[in-house]
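Close look at the chain arrangement
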Amino acid sequence: MNSSFIKNQFKRNVEDKYVIYNSLFAALPFSGVANVGALLPILAEACKNGYATGQSPNQIIEDFFAKQTSITKDADKFDRLFKFVQYIERQVVLFDAIEDAAFGNINETGGVGSLKSLLQEATFAGKGNALKESCKNSKVRIVLTAHPTQFYPGSVLGIIHDMGEAIAKNDFQIINQYIQQLALTPFFNKKQPTPYDEAVNVMWYLENVFYRSIGNIYNFIINEMFEGVNETNNTFIELGFWPGGDRDGNPNVQADTTLKVAAALRSSIIVCYYRDIRRLKRKLTFSGVDTLMLELESLLYENVFRPSTNNKITVVTLLEKLEAIKNEIKINNHGLFISTIESLINKVKLFGTHFASLDIRQDSRIHTATLAHINQSLINAGQAPIFEDDYDILSEEEKIEVLEKINSRVDPDILKDPLAKDTLKSMQALQTIQYENGPLGCHRYIISNCQSALHMAEVYALFTLSGWQGEKTFDIVPLFETIDDLAGAAIIMDKVYALPMYKNHVAGRKHEQTIMLGFSDGTKDGGYLEANWSIYKAKENLTSISRQHGFKVKFFDGRGGPPSRGGGKTHQFYASLGKDIEHEEIHLTVQGQTITSNFGTIQSAQYNIEQLLSAGMSSAIFADSRKNITSDERALLDTLSKESYEHYQAFKAHPLFLKYLEEFSPLTYYSKSNIASRPAKRGTTSAALQFSDLRAIPFVGSWSQLKQNVPGYYGLGTALKKAKESGQWEAVKSLFKNVSFFKTLIDNSMMSMLKSYFELTQFIKEDPTYSPIWELIKDEFDTTQALVLELSENKILMGADPAARASILMRDDIVLPLLTIQQYALWQLHKEKNDANNRAVYEKLVTRTMFGIINAARNSA
């Protein structure tokens with residue numbers, strides 16, 4: 001689809017419909033709604049005009065009340081501002097639903113990047129067999145996390161889904177009913193959710209979106225690429241699940257939580273099968289088949305509503321019964337509706353009785369502390385310790401030798417430290433889940449902050465102490481996050497692979513080692529360009545060292561929503577990988593808003609999963625046509641990254657760096673928003689905020705709400721400028737043209753810049769303390785924007801992606817009053833004199849505005 005056609009489609013199917021359906025809000029039969037609906041456009045216009053003339057958010061709000069209303073009391077002002085917030089929150093939901101409904105009209109679902117397009121391309125190039133072979137080994141693993149970037153409760157997600165379907169049918173009456181429902185539905189949690197609450201919320205997508213979309217993709221691959229004959233045991237797509245398993249920095253996740261979530265996942269997938277069987281009964285009414293269907297329905301019913309250890313259904317039993325039904329249809333009923341039962345068989349192969357695999361994650365420092373606590377607890381109990389008194393002064397190699405010899409078991413209940421006890425119990429839970437949900441129910445243990453071979457040896461030893469004897473049917477996954485960790489990752493893995501116990505362990509895991517790389521903390525640590533280039537080089541080095549030891553590495557990317565956290569046009573990164581990086585399997589985290597925006601509907605989920613699958617397979621079958629980065633290009637990338645890194649580090653070292661964020665963004669309010677069970681920062685003992693304790697999500701999210709998006713471009717412009725000044729501009733242009741990895745970085749940085757709006761904070765220029773920081777950021781933004789546009793030969797940011805550009809600009813227009821209200825409330829909070837009651841209201845106002853702003857951005861954190 002060409003650019004003008006996409007623009008027209010977006011206008012007709014999104015912009016125009018939004019104008020029509022937005023008018024329904026003003027007609028809602030609820031108190032005060034009409035007045036708010038009439039005044040909000042006036043406020044929105046006042047914001048645009050005010051910023052154009054240099055006004056501050058405080059001036060805009062005060063002028064609005066003085067000129068457009070008769071309100072003078074603070075209580076009445078607050079009431080009106082909160083009504084504006086509520087109204088805009090619902091406008092954002094309406095826009096989400098409209099855009100979801102228009103997905104097929106503004107995206108070419110069967111175009112470039114789809115499996116259909118890849119099949120046609122491969123067939124035309126005479127690589128049909130190569131595609132089939134690649135498909136046998138290619139896989140995408142989408143890991144859903146509970147990280148706090150999603151403000152929609154389950155009830156609102158349901159409204160978005162149902163309203164989207166009504167909008168697609170242009171059912172005006174039903175749409176009006178959903179808008180009324182939206183007006184009466186709460187949007188935020190009154191109390192902090194538990195990890196189990198988060199898991200249930202994310203499961204909504206499993207049942208309502210992924211179950212069908214992944215099933216559709218699997219059916220296409222089998223029927224079209226393998227011509228109806230399943231020649232492989234590959235499932236092509238897997239789902240991972242972090243809510244209830246990720247305990248890194250979250251004391252609220254405990255072993256019983258993990259077991260409870262695993263049970264819920266099993267129940268959820270059995271419910272999906274039960275519903276499908278109920279639906280299929282209406283078609284499969286044939287003699288003989290109906291009896292078999294009734295037996296299976298009864299068995300699934302018992303598993304859902306009266307589960308017990310005696311009636312737990314297994315994958316083997318499910319497949320046996322479904323195959324019996326299929327054979328009865330084929331032999332005695334002319335194969336009528338046989339494709340429907342084949343589709344269900346495929347789903348059972350995909351989801352088993354686990355639905356999604358729970359990952360368990362914990363910080364390496366906890367493992368070290370747990371071993372020390374176990375040792376001391378054994379001594380206190382008069383039992384033999386696991387290591388001697390001189391353990392702490394041993395070298396890394398000597399400590400590993402000690403850990404390799406551990407073969408005893410420790411009862412977690414003798415441990416008094418809650419974290420140590422949970423660490424052992426979580427490892428025991430992994431074994432329980434494998435028994436209950438199958439081997440795929442939980443088979444990865446991730447080590448955050450992994451910085452040495454010792455850290456991996458500690459986890460191996462802890463599993464032994466928890467009771468795991470003999471073969472360990474799970475993967476130990478190191479997570480390398482900081483720039484230094486990424487640089488040393490291959491050296492660490494070389495040491496690990498050389499350990500006899502670990503070499504045998506990986507051999508038992510099909511000679512495959514999963515390694516996780518953190519985009520979020522990498523960018524927070526080293527800046528946008530340096531982080532991405534460091535991860536690229538780390539993948540090359542880890543691929544090489546793994547191959548040298550006879551192992552295949554599988555990379556698991558810890559990605560967030562925005563480009564600064566590894567988001568953006570993710571599939572383009574995978575398509576840009578060179579031949580020296582393992583690419584058969586793509587594993588990545590998807591969280592919060594990105595689940596909603598990229599996988600919120602069956603159609604969008606299918607499209608985006610296909611883009612990822614296609615990227616991996618395309619890299620494999622067309623590898624000969626994809627050039628590796630040359631030595632000259634590599635040297636230039638090293639230079640650019642170094643310049644970018646140094647400029648970003650200088651910015652971080654500014655004495656007011658964190659103070660600026662605390663002063664002008666809602667950074668300190670993330671913990672008050674009640675959207676996540678996890679604390680907003682890692683360190684909880686110190687009242688003063690430390691950069692090392694700051695999580696990537698509130699860090700990136702705060703820059704986003706400030707509309708400055710620093711992590712998405714800072715340092716890039718300076719690096720490009722220095723290259724141009726040193727006479728390397730032609731080489732940079734060649735790099736952009738010939739190295740798709742670099743081009744993707746530049747393209748994604750444009751998204752961060754397009755979402756910036758410095759007019760919101762231009763008042764900081766008048767602040768004698770913080771003006772220098774604002775000027776630093778604005779100068780870097782201007783430099784980056786100018787050079788990126790010149791490099792890409794574009795006149796406007798994201799000009800090559802008109803639908804995404806239009807969506808971003810329209811969403812920003814909708815929430816401009818919210819941004820203004822948030823800055824107004826923050827400004828009031830920083831006034832020296834403030835009534836205590838008013839202060840509490842302003843704080844609540846800041847928190848409430850966060851919801852709509854983040855939801856509208858869709859990938860702000």
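Residues numbered from 1 in each chain as written. Predicted model: local features only at pLDDT ≥ 70, side-chain atom pairs only at ≥ 80, totals over all residues. Heavy atoms only, no water.

Observations regarding the overall build of the protein chain
Applicable threshold: Secondary structure counts use DSSP, requiring at least four H or I residues in a row for a helix and at least two E residues in a row for a strand, with both numbered from the N terminus. In this setup the radius of gyration rests on C-alpha atoms only. A globule is expected at 2.2 Å times the number of residues raised to 0.38. Relative accessibility thresholds used throughout: buried, under 20% of the residue-type maximum; exposed, over 50%; partly exposed, between the two (1.4 Å probe, protein chains only). Areas reported as accessible are Shrake-Rupley estimates using a 1.4 Å probe. Residue values count occlusion only from the protein chains shown. By the counting rule applied here, Lys and Arg register as positive and Asp and Glu as negative, while His and the ends of each chain are not counted. The location of each charge is read from NZ of Lys, CZ of Arg, CG of Asp or CD of Glu.
Looking only at helices and strands, one finds 34 helices and eight strands in the protein chain. In summary, the protein chain has a C-alpha radius of gyration of 28 Å against a globular reference of 29 Å for 861 residues, a match within 12%. A principal-axis box enclosing the C-alpha atoms of the protein chain has dimensions of 75 × 75 × 60 Å. Counting all 861 residues of the protein chain, 59% fall into the buried class. Accessible area of the protein chain: about 34100 Å², with a carbon and sulfur share of 50%. Charged side chains of the protein chain number 91 positive and 98 negative; the gap between the two group centres comes to 5 Å.

Comments concerning the sheet that holds strand β7 (residues 552-558)
Threshold: Should DSSP find at least two bridges between two strands, the strands are regarded as paired. Axis definition: a line fit to C-alpha positions, over the contact stretch in the case of helices; interaxial angles, taken between N-to-C directions, run 0 to 180 degrees.
Ordered in space as β1-β2-β3-β4-β5-β6-β7-β8, the eight strands form a closed barrel in which the pairing is parallel. Going across the sheet, the axis of each strand differs from the next one's by a mean of 25°, ignoring polarity. Here strand β6 (residues 512-518) pairs with β7 via seven bridges, running parallel. Counterpart to Met-516 in the pairing with β7 is Phe-556.

Brief notes about unusual backbone geometry
Most peptide bonds take the trans configuration, and most residues that are not glycine carry a negative phi. Phi is positive for His-334, which is not a glycine, with a value near 60°. Tracing the backbone through its elements, the reader meets His-334 in the loop between α13 (315-332) and α14 (338-351). When its relative accessible area of 81% is taken as the criterion, His-334 is described as exposed. Positive phi is not limited to glycine here, since Phe-355 has a value of about 70°.

With respect to the pattern of salt bridges
Note the threshold: By definition here, a salt bridge exists when the distance from a side-chain nitrogen of Lys or Arg to a carboxyl oxygen of Asp or Glu is within 4 Å.
One pass over the structure, following the stated rule, counts 43 salt bridges. Here Asp-96 and Arg-811 are joined by a salt bridge, their closest N and O atoms 2.7 Å apart. Taken together, the positions of Asp-96 in helix α4 (residues 74-101) and Arg-811 in helix α33 (residues 802-829) put the pair 715 residues apart, joining distant regions of the chain. Exposure remark for Asp-96: the relative accessible area of 0% places this residue in the buried category. Through salt bridges with shared partners, a single network forms among Lys-139, Arg-141, Glu-238, Asp-359 and Arg-444.

All we've got here are geometric facts, nothing functional implied.
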